[in-house]
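Each chain is listed here by its residues.
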Amino acid sequence: MNQIAYKFGVIILLTTSVFFHTDTFSQKLYIKANIGYGLGINKDDYKLRSDYNQIYLDSIEGYSKYELKSFSLGQGLNVEASLGSFLGKHISVEITGFYHKSSKHTLNYEELNTLYSQYQVDFHTEEVYTGKMYGLKPNLVFWGGGDNFRPYIKLGGVIGIASMTRESQIRIYNTHPNYYPTEDYTWVFEYKSHLNLGYMVSVGFEIILAKDLKFFSECSYTAISYIPTSGEYTEYKYRGKDMLNTLTINERYIEFEDTYYSTENESETSPTKLLKNAYSFSNISLSVGIRLNLIN
C-alpha cells in the first residue's frame, strides 16, 4: 500500500509542476480555505484484558475479561488551504496544505485482587491516545459543467508528517493497613514525527456567492497510516513526584524496527527495540469552505 501511495504521490507532484510554467500559471488562479471533521476508518484493534482474582495462601482463583476496542486517529478536526489553477474549463490542479488534529481515544482496563478474603488491591489503567498530522496534498480536480452550480471530483496524494502521544495512568487502591490506601503512576510517551504517504479521493460541489467568490462543500476519503520509528517518555511521575530522571536509557527510549534480536535489549545504556506498528490516520471527512478567484 505504501509503494502504491508513493508512486501515486510522485505522479501527482509531477503533474502539479505545471504551476511553475508561466503560461499555465497565468490562467485562472484561485485560492481556497475549508474546515471540516473526519470520521475515523480503517480502524486499528486494541486487545484489552482485565483480571479478577481471589488470592489465598497457596492458590489463586480468578477469571479474565477480554475486550476488543477499535479506533482511528483520523477522527478529528481538519483544516485546509489550497492554491489552484485551471488548465481548462473542466480540469484544474491544486496544492493543498492541511492540518489534522485527532480526537482523544481512551482505553480502560483493570486488575482486581482480593487477598485472603480480607483486603483489596485494585489496579485501574487508563490510556489516552491523541495524534496530529500536517502536510501537503497535490491534487487533480475534474469539474462538471455549469456556472452557478458545479460538481467536481478530486484525486490526489497525501504527504503527511504525523506524531502521536500516549498518556497513561495506573491508579492503585489498597485496603491493606501496611500500604498506601491510594497510589498512582502517570506517564506520557511521545511517538516522534515521521513522514508518511497516502492518497485521497473527494467529491463535492460549489455554488456562486459573487462574481469571483464561491462556496463549496465536499466529502473526502483519505487513506494514510503513521509508522513511528522512535519515541520516548517525556513525563513519568509517582504520586505526583517527577521520576523521569530515574529511568535508564533502556527504559526511557524506544526504537521501532523491522527486525531485532532480544540480546539488543539487554543493555541499560541503549534504547529498547520493538517491532514497528502502523497507526491509522484514515478518515471520511465532510468540510465546507470558500474559493476566491485571483486571476481570470
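Report follows, based on the coordinates.

With respect to the nonpolar core
- Ranked by internal contacts, the top residues of the largest apolar core, which has 24 residues, are Leu73, Tyr129, Met164, Tyr191, Tyr226, Tyr279 and Phe281.
- Looking at this core, the elements that each hand over two or more residues are β2 (44-55), β7 (119-143), β8 (149-174), β9 (182-210) and β14 (253-257).
- With four residues, the single largest contributor to this core is β9.
- Beyond its immediate stretch of four places on either side in the chain, tyrosine 191 contacts Ser163, Met164, Thr165, Arg166, Tyr226, Pro228, Ser230, Gly231, Phe256 and Tyr279.
- By size, the runner-up hydrophobic cluster in this structure holds six residues, among which are Tyr30, Phe86, Val141 and Phe216.

With respect to the environment of glutamine 75
- Locating glutamine 75 in the fold gives a position in the loop between β3 (60-71) and β4 (76-88).
- With relative accessibility at 26%, the residue glutamine 75 sits in the partly exposed group.
- Separated by 37 residues in sequence, glutamine 75 and glycine 38 have C-alpha atoms that sit 4.9 Å apart.
- For glutamine 75, the residues in contact, after removing those within four places along its chain, are Tyr37, Gly38, Leu39, Gly40, His100, Lys101, Ser102, Ser103 and His105.

Some thoughts on a nonpolar patch on the surface
- A cluster of nonpolar side chains, Ile35, Leu77, Val79, Tyr99, Tyr134 and Val288, forms an exposed patch at the surface whose accessible area comes to about 490 Å².
- Note on placement: valine 79 falls in strand β4.
- A residue is classified by how much of its surface remains accessible, and valine 79, at 35% relative accessible area, is partly exposed.

A look at the packing of aromatic side chains
- In this structure the tally under the stated criterion is 16 aromatic pairs.
- A centroid spacing of 5.4 Å and a plane angle of 50 degrees characterise the contact between tyrosine 46 and tyrosine 129, whose relative ring orientation is tilted. Note that tyrosine 46 is positioned in strand β2 and tyrosine 129 in strand β7, a separation of 83 residues in sequence. Tyrosine 129 carries the same exposure label as tyrosine 46, and that label is buried.
- Look at phenylalanine 71 and tyrosine 129: their rings are 5.6 Å apart centre to centre, the planes differ by 50 degrees, and that puts the pair in the tilted class. With phenylalanine 71 in strand β3 and tyrosine 129 in strand β7, this residue pair connects regions lying 58 residues apart in the sequence.
- A residue is classified by how much of its surface remains accessible, and phenylalanine 71, at 5% relative accessible area, is buried.

Calculation rules
Here, residues in each chain are numbered from 1, in the same order as that chain's written sequence. Given that the model is predicted, a residue must reach a pLDDT of at least 70 before its local features are reported, and side-chain atom pairs must reach 80 or more before they are shown or counted; all residues, however, enter totals for whole chains, interfaces and linings. Hydrogen atoms and water are omitted, and side-chain values are computed over all heavy atoms in the structure. Here the nonpolar core consists of buried residues drawn from Ala, Val, Leu, Ile, Met, Phe, Trp, Tyr and Cys, with membership extended through side-chain atoms lying within 4.5 Å. Each residue is assigned to one of three classes by its accessible area relative to the maximum for its type, calculated with a 1.4 Å probe on protein chains only: buried under 20%, partly exposed between the two thresholds, exposed over 50%. Note on conventions: DSSP H or I runs of at least 4 residues are helices, E runs of at least 2 residues are strands, and numbering of each starts at the N terminus. By the convention used here, residues are in contact when the closest approach between their heavy atoms is within 4.5 Å. Nonpolar side chains (Val, Leu, Ile, Met, Phe, Trp, Tyr) within 5 Å and like charges within 9 Å form the patches, drawn only from residues with over 30% relative accessible area and no salt bridge. Using a 1.4 Å probe, accessible areas were evaluated by the Shrake-Rupley method; residue-level cover was limited to the displayed protein chains. When a carboxyl oxygen of Asp or Glu is within 4 Å of a side-chain nitrogen of Lys or Arg, the pair counts as a salt bridge. Aromatic rings from Phe, Tyr and Trp, taking only the six-membered ring of Trp, are treated as a pair when their centres fall within 6.5 Å; an angle between ring planes under 30 degrees marks them as stacked, one over 60 as edge-to-face, and anything in between as tilted.

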